[in-house]
Every structure is written in C-alpha cells, then in structure tokens.
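Spelled out from the first residue to the last, the chains are:
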Amino acid sequence: MQTLPGAKWSCHGCGACCRDFRLGPVEPEVVAALKARGADALVAELSGPADWVVPEAGPGGETGLFLRHVDGHCVFLLPDNRCAVHARWGGEAKPGFCQEFPYRRLRDPNGEVLVIRAECGGLHASHVDGDPLAAQTALASALPTLRPTPEFRPEAVAILPGVGASLADWMALERSLLACWEAVDADAAEPEDTARALARAAVQAVGRSLPPGRTALAADAVREAMRMVANAAIAQETPATEAWQRTLVRQTNLLFDRKIARSAEGSDGARRLSEATKRYLHTLLGQAILGKHLVAAGGFVAMLGRFVFECDLVRSSAGSGQVTPAEASAVLVPWLRFADNPMVLGMLRRATPALLELAAPPARDVPTIAP
Ligand code: SF4
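Quick caveat, the model's predicted, so the values are computed rather than measured.

> Describe in detail the site of the ligand, supporting the description with residues and values.
Contacts to the ligand come from Cys18, Leu23, Leu67, Cys74, Phe76, Leu77, Cys83, Val85, His86, Lys94, Pro95 and Cys98. Of the residues in the shell around the ligand, the class split is ten nonpolar, one polar and one charged.

Structure follows, in structure tokens:
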C-alpha cells in the first residue's frame, strides 16, 4: 500500500469528524447489533429517549439510515469528544464509516493507496506529531469498507481541459511530480509556488505551456462563484434543513467575503504563513496528488488551481501575524466540507478557466521543477 512519503497521522480527539458531517449511511446490520446491545437506552441516558438513526437520501439518492445530530454533533458524541459507542462496546461496534475515517483508500495501477482525508480536524497537528502512516497500512486494510475500494484506471488522465496523458504516462509523470514535491523545502517554499511549478512541469510534459495567470482577478472570480453557491444554498433553506448544515454554509460564506487587498505588485493584504503552516499545506498538496483529487477537479492543473485558491482563503483569514496551522485548519476544514457537495463541485468545474489561471505562474517568476 502506497502512502505519501513522510505522512503521519494519529487521532487528536478533536471530535470534528463527529460534527458537521452527514453521518451515514449506517449499515443495517450495525444498527441491528447496536439495538441488540442497548443503544436505545444509551441514547436515552445521553439526550433523552428518541430515535438515533433517521432515514435520509444517501449520496446516490438511495434512502439510508443516518445517525441523528444533537446540537450539531452525533447523538453518540460525549461532552469530552469521545464516542459513547466506542467507550461502551469498543471501536468495532461503530458504523463502518466511523471506523474508516479519516483513512481514504483507492486503487491505482501500482496497487493500493492510503491517504488521510484533508477534512480531518486533527491533521494539521498530527502531521507533525502523529504516527507514520506507512505503519498503519495493515490496520487500514483490515477495516470494514462500505463500498468497493475506488479504482483509478481511466483511459486518459486530464492535465488540462481536452489535453490528457495515457494512464501509463500519467503514472510515470505522477511519480516524478511526487519526487519533485518531496524535494521541495516545505518549511520555506510558498505552497502556491510549488503548486505552480508542478503545474508548469505537468503541462510541459504534454507539450503545452501555460500563459501567465491574472491571479488576483481569478481568485476573486472563484470567490464570487462560491458566494453564489452559498447564497443559493441559504435561499433553499427550509425549517427541515439541519441546524449544522445551515451553520456550515453561513460560516463558509463568510470566508468568501474576505478578499485580500492587493496592490499592483502583489498581495499586500495577504497574511504570511508560518513554517509549520507551509509544511501542512505542502502535505495537503502531496496528498491531493497521490489521492488523485484530479478526478473530482476535472484535471490536474484545475486541481492545483483549487489548491492555490484554498491557500488564498487561508491567507485572507482574520487575524494578525503569520497564519498558524490551527488557523489554516479552521479555514480549510469547513471549506472542504462545504466543497464536498455536488452543487459546489459543479460550480467549481464551471470556474475551471479561473482555476487554470490560479495554477499558472503569475507575472513574477516561480521556481522551475523538472519532472
Ligand atoms: S458513532 Fe461515534 S465515531 Fe461515529 S459519528 Fe457518532 S460519535 Fe463519532
């Protein structure tokens, strides 16, 4: 099983994964086993007698059973952020998606890949002091999986819209891009520069070039597109909308209001990143490459453009001084949850021209990385 070189993770008990997510679908056999163990009585102890699973439409439109939210968190989450199911009956009693999070597995022509989901609220801390991910592959392999492991075997891999590489060529290119990523001094390099250097290297590998991007204009265009989606989501709110979903959309919408004040020469109003934040963002970039985020983005360069946009959100965050990893995580985790929505993904796809500009080198130069 492949992991990102140097990747680390361990649970920091932040409880973020049990909040602000749709919690399901839960396997019917897990629901039956929990009922047999006495989950009804446990929930009555925690929050009063009530159903703890509710039927909702799942990701594919099919109805499934989802854990109920109470005050924005899972009905089983204890005040000290522990899981009551885990505490009482052990980790194996939990629904499969709870056991699997934050691992994400997929299969590519080289075998299995294991990455950590960027939505993990403890990733910014655990990538510093966590356990090596390479030592967790047996554990991750043994976990129950709700769905077959996704396969990455497209006939062609999009680098730019309409410009692709064969799967074999992409796998060779991915290897060299990851080697370039690994060679970067992650404490010193600006993550956007690394992303743009990788974009230039990938585009050159397919015989194309990227014209300089109008970075400020493109970032503001994507921000505006995201604000439109958020406003549409807010307008669609009904009394049935769960409070946590309402809060998530409203909080995320605030991110799009904060624009970086830019002079003609650059980004004067942008906050600088601490060394640890640069390293955290580099980790997210490496994970996005190995984890094939290009599939959801509709292409490799668009994926890098989205990463640059995320760096822009981080740099425009409220506060003073250098952005700490915790501040960056506080911006990125809700954004990633917001963006994990078909309507938002659709809008991001429509914003591809702006994302390509974000991934292109701006007028000032960026280092060259040879694949
Ligand atoms: S069942 Fe436990 S691990 Fe799963 S979402 Fe609820 S509190 Fe979290």
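Read on for the rest.
> Help me get a handle on helix H11 (residues 275-290), residues and values and all.
Across its 16 residues, H11 extends 23 Å between first and last C-alpha, which sits within 8% of the 22 Å expected from 1.5 Å per residue. With respect to burial, H11 is a largely interior element, 15 of its 16 residues being buried. Directly after H11, the chain includes Lys292, whose backbone phi takes a positive value near 60°.

> Could you give an account of the environment of Trp244, naming the residues involved and the relevant values?
Within the fold, Trp244 resides in helix H10 (residues 243-257). Between the C-alpha atoms of Trp244 and Ala156, which are 88 residues apart in sequence, the distance is 39 Å. Setting aside its immediate chain neighbours within four residues, Trp244 contacts Arg19, Asp20, His69 and Gly72.

> Help me get a handle on helix H8 (residues 191-205), residues and values and all.
Over its 15 residues, H8 runs 21 Å from end to end, which matches the ideal 21 Å to within 8%, given 1.5 Å per residue. Buried residues dominate H8, accounting for eleven of its 15 residues. Turning to H8, its buried residues are Pro191, Glu192, Thr194, Ala195, Arg196, Ala197, Leu198, Ala199, Arg200, Ala202 and Val203. Phi for Gly207, located one or two positions after H8, is positive at around 75°.

> Give me the lowdown on the pairing of strand S9 (residues 156-160), citing residues and values where you can.
In summary, the side chains of a regular strand alternate between the two faces of the sheet. For S9 and strand S10 (residues 163-166), the ladder comprises four bridges, and the chain directions are antiparallel. By the bridge assignment for S10, Ala156 is matched with Ser166. Taking the residues that link successive antiparallel strands as the turn, the S9-S10 hairpin has two residues, and the phi of Gly162 there is positive, at about 80°.

> Give me the lowdown on the domain arrangement of the chain, citing residues and values where you can.
Here the chain is described as being made up of domain 1 (8-142) and domain 2 (155-371). Relative to domain 2, the C-alpha centre of domain 1 lies at a distance of 27 Å. Its residues assigned to classes, the side of domain 1 that touches domain 2 shows nine nonpolar, six polar and five charged.

> Help me get a handle on the packing of H10 against helix H14 (residues 325-339), residues and values and all.
Where H10 contacts H14, the axes come no closer than 10 Å and their chain directions differ by 120°. The angle between the axes of H10 and H14 places the two elements in the oblique class. In this structure, H10 crosses over H14, and the sense of that crossing is left-handed. For the pair H10 and H14, the contacting residues are Leu248, Val249, Gln251, Thr252 and Leu255 in the first and Val331, Pro334, Trp335, Arg337 and Phe338 in the second. Residue composition of the contact of H10 with H14, by class: seven nonpolar, two polar and one charged.

> Describe in detail the nonpolar core, supporting the description with residues and values.
Counting residues in hydrophobic clusters, the biggest one holds 97 residues, and the most contacted among them are Ala199, Val301, Leu304, Leu355 and Ala359. With eleven residues, helix H13 (residues 300-315) is the largest single contributor of residues to this core. Formed jointly, this core draws a minimum of three residues from each of two domains, domain 1 (8-142) and domain 2 (155-371). For Leu304, the residues in contact, after removing those within four places along its chain, are Ala195, Leu198, Ala199 and Ala359.

> Explain the environment of Asp312 residue by residue, including any values.
Structurally, Asp312 is set in helix H13. By C-beta crowding, Asp312 is classed as buried, having 23 other C-beta atoms within 10 Å. Those residues in contact with Asp312, other than ones at most four positions away along the chain, are Ala219 and Ile260.

> Run through the packing of H13 against helix H16 (residues 352-359), naming residues and quoting values.
Relative to each other, H13 and H16 sit at 75°, their axes nearing to 7 Å. In terms of axis orientation, H13 runs roughly perpendicular to H16. Every residue of H16 that contacts H13 at Val301, Ala302, Leu304, Gly305, Arg306, Val308 and Phe309 is listed here: Thr352, Leu355, Leu356, Leu358 and Ala359. For the contact of H13 with H16, a count of residues per class yields nine nonpolar, two polar and one charged.

Rules used throughout
Residues numbered from 1 in each chain as written. Predicted model: local features only at pLDDT ≥ 70, side-chain atom pairs only at ≥ 80, totals over all residues. Near = placed C-beta within 6 Å. Nonpolar A, V, L, I, M, F, W, Y, C, P; charged D, E, K, R; others polar. Helix = DSSP H or I, 4+ residues; strand = E, 2+ residues; numbered from the N terminus. Expected span 1.5 Å × (residues − 1). Buried ≥ 20, exposed ≤ 12 C-beta atoms within 10 Å, placed from the backbone. Contact = placed C-beta atoms within 7 Å. Pairing = 2+ DSSP bridges. Domains from an automatic or database assignment. Axes fitted to C-alpha atoms, helices over the stretch in contact; angles between N-to-C directions. Parallel < 35°, antiparallel > 145°, perpendicular 65-115°, else oblique. Left-handed = near helix turned anticlockwise from the far one by under 90°. Core = buried A, V, L, I, M, F, W, Y, C linked by C-beta atoms within 7 Å.

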